[in-house]
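Remarks on the overall topology
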Amino acid sequence: MIDAALKDEATSAAHLNGTVQKYNALFSISNTGSWEYFPATGFMDCNSIHFSMLGRDIKDFDLSGKKNLDEVWIKLLHQDDRAAAVSRFMNYMANPAGMFENYFRMRHANNSWVWICSRGGFLKDEMDNLSNSFVGIHIDVTSQKQAEADIQKERMLLRTLIDNLPGTIYVKDEKGRKIIANKADVITIGAKSESEVIGKTDLQLFPNEIGLRGYQNDMEVLHTGEAISNKEEVFYDSSGEQQWLSTSKVPIFDEYGKVTRILGIGHNITDRKRAEEALNVLNKELNIKSAELSKQAKELTTLNDQLIQQKEQELEKAIAQGKFEIASEVLHDIGNALVGFGSYLTRINRVVEKNNLIGIKNLNQFLKTEQVPIGNAIGADKATALVSITDGIAKTQADNQREVGTSISELLNIVSHIQEILNIQRQFVRGHSGSHERKPVNILNIIEDCRSMLFASMDKKGVKLNINIKQGKYVIKGDHTKLMQVMLNILKNSLEAINMESSGKHISISMESTKEFISLQIADSGQGFDAETSRRFFERGFTTKKSGTGLGLYNCRSIVESHSGTFEINSDGPGMGAVTSIKFAL
């Protein structure tokens, strides 16, 4: 009997030893630290993996059974985690219920920090059901914590990007309820915060036909799985003002191919719509004015044919009698009208140029460059959809800007054509020496009017116009029409003298005034001329142009001299440009 008992005991001991070895092997393979804490003595028994996870050796710690909780655990805790970790540990021992679980950082031997997931529970005696010790495991979750931190950082970065984009961006669930809305979308809806719109459908956010239309579009995308791109929609802001939005809605599929979300992106195109409306109105007005001007041009052409048949003496006599005074006034009125048209077109062109196409292209390029990390954050399908949508927006904006720019260029060409007709008519009043009533003329206004009239030609040829006018008074008594003729003639000569293939093409206008004089200079980067040409410029009939009459500069000087002024044109030589200098005595 004794031998049998001893044999059974040996067998049990061997079985227990084998079980212990298996558990130790499992702990080693899974790199899991194990510990057992004895509340009665304050001793914590830890396996070698508990220390090796921290780059430490179990031999460096006292595991003889004495109180060692501070050395093997508490002192190794991160200072920011220590108080909470110890408090939670002690609270669990005082009230053991369920499983103990906590996360904290422990110092590695190389002074880095290791995130630990600690789990445990009380080990009870099967005989008296008393808790003798507290057992548990330690798992290194540093990589998991770092991944969570990286994901959170990427989410914050993506959310910051979404909230700071000028367009509306939102996400809806399978019921059409909003689950994400950026700042632009919240403002568009007229809400104060995102929380006011989350969980609501368009039917709830817009209780009218606008909400019904939006909800129906959502259901269409959810049921068909087909995207809606660049759909123009009208809505009203919080002040009741009509706004336009270009909207795209893209389905988001789960791993089973079911549509579970909708990604929506909208771009406010109100400014573009208003510009288009203004352009349409301008086109109608300009067509009416163009018909009127064409009629007047025909009448002036008829007058021109009649005047050409008369002798020079008869022409001068007719001018002296005031016939050309009438033509001059008509040309003056037409010129003023064209200045207004040109200025209006220029303002529209500036509005078009403000379109944030470059910003959208940069955003599109950024999304393409960062598509992989963004895809990691929100999903590859979402990132692809985001890139696709910004591609579409950039293309649409480029097409719209190009179309509006073409329309404006065509209108400016019409204005330029009418200006050419006016220049032809001015040739018939250039030699008029009759007396005119002199009225106050602001030279600044003449320069601005000429700039507006020639803007299209300069812009088309890439010539930059620089204007530098010092503070002063620039009003003289004179003939506005004739002074306008002088300025236009000089600027057109400069423009025609510039080689369109050269770089740095420019025309500069500078002006200053004193008590005695108004000084005006017009410099260009044109072909210039030699000294012999300079001496002959003011000979009646001399010209350097194939189709010129030789009367332009001759008449310009005559007009300036009739206004108590001087007129000079100089050049440092061929290829060196030219400078025209005018002085008016005050």
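In case you missed it, the structure is sitting above this.
All of these numbers come straight from a predicted model, not from anything done at the bench.

For the rest of this paragraph, the subject is the pattern of salt bridges. Under the definition given, this model contains 20 salt bridges. In this structure, Glu174 engages Arg261 in a salt bridge whose closest nitrogen and oxygen atoms are separated by 3.7 Å. One end of the pair, Glu174, is in the loop between strand 6 (168-172) and strand 7 (178-181); the other, Arg261, is in strand 10 (residues 259-268), with 87 residues separating them in the sequence. For Glu174, a relative accessible area of 40% corresponds to the partly exposed category. One salt bridge in this structure joins Glu209 and Arg213, with 3.8 Å as the shortest N-O distance.

Its location among the elements puts His267 in strand 10. The contact partners of His267, leaving out residues within four places of it in the chain, are Trp244, Leu245, Ser246, Ile360 and Gln397.

Let us now look at unusual backbone geometry. Despite not being glycine, Asn111 shows a phi value in the positive range, around 75°. Structurally, Asn111 can be placed in the loop between strand 3 (100-107) and strand 4 (113-124). On the basis of relative accessible area, Asn111 is assigned to the exposed category, the value being 53%. The backbone of Ser564 sits at a positive phi, close to 60°, despite the residue not being glycine. By secondary structure assignment, the location of Ser564 is in the loop between helix 18 (552-562) and strand 16 (565-570).

This part covers the sheet that holds strand 9 (residues 242-253). In a beta sheet, neighbouring strands pair by backbone hydrogen bonds and run either parallel or antiparallel. Strands sit in the order 7-6-10-9-8 across an open sheet of five strands; the sheet is antiparallel. This sheet does not close on itself; its edge strands, each paired only once, are strand 7 and strand 8 (228-236). Across the sheet, the axes of successive neighbouring strands diverge by a mean angle of 25°, strand direction being ignored. Bridge count between strand 6 and strand 10: five bridges; the pairing is antiparallel. Bridge pairing in strand 10 places Tyr170 opposite Gly264. Sheet strands in contact with helix 8 (residues 209-224) are strand 6, strand 8, strand 9 and strand 10, and its direction is about 165° off that of strand 8.

Moving on: the packing of aromatic side chains. Scanning the model with the defined rule gives 14 aromatic pairs in all. Relative to Phe61, the ring of Phe51 lies with its centre 4.3 Å away and its plane at 20°, an arrangement referred to as stacked. With Phe51 in helix 2 (residues 48-52) and Phe61 in the loop between helix 2 and helix 3 (69-72), this residue pair connects regions lying 10 residues apart in the sequence. An angle of 35° between the planes, with centres 5.2 Å apart, marks the rings of Phe89 and Phe134 as tilted. In this pair, Phe89 is assigned in helix 4 (residues 79-94) and Phe134 in strand 5 (residues 131-140), connecting sequence segments 45 residues apart. An identical accessibility class is assigned to Phe89 and Phe134; each is buried.

Conventions and cut-offs
- Residues numbered from 1 in each chain as written.
- Predicted model: local features only at pLDDT ≥ 70, side-chain atom pairs only at ≥ 80, totals over all residues.
- Heavy atoms only, no water.
- Salt bridge = Lys/Arg side-chain N within 4 Å of Asp/Glu carboxyl O.
- Helix = DSSP H or I, 4+ residues; strand = E, 2+ residues; numbered from the N terminus.
- Buried < 20%, exposed > 50% of the residue type's maximum accessible area, 1.4 Å probe, protein only.
- Contact = heavy atoms within 4.5 Å.
- Pairing = 2+ DSSP bridges.
- Axes fitted to C-alpha atoms, helices over the stretch in contact; angles between N-to-C directions.
- Phe/Tyr/Trp six-rings, centres within 6.5 Å; stacked < 30°, edge-to-face > 60°.

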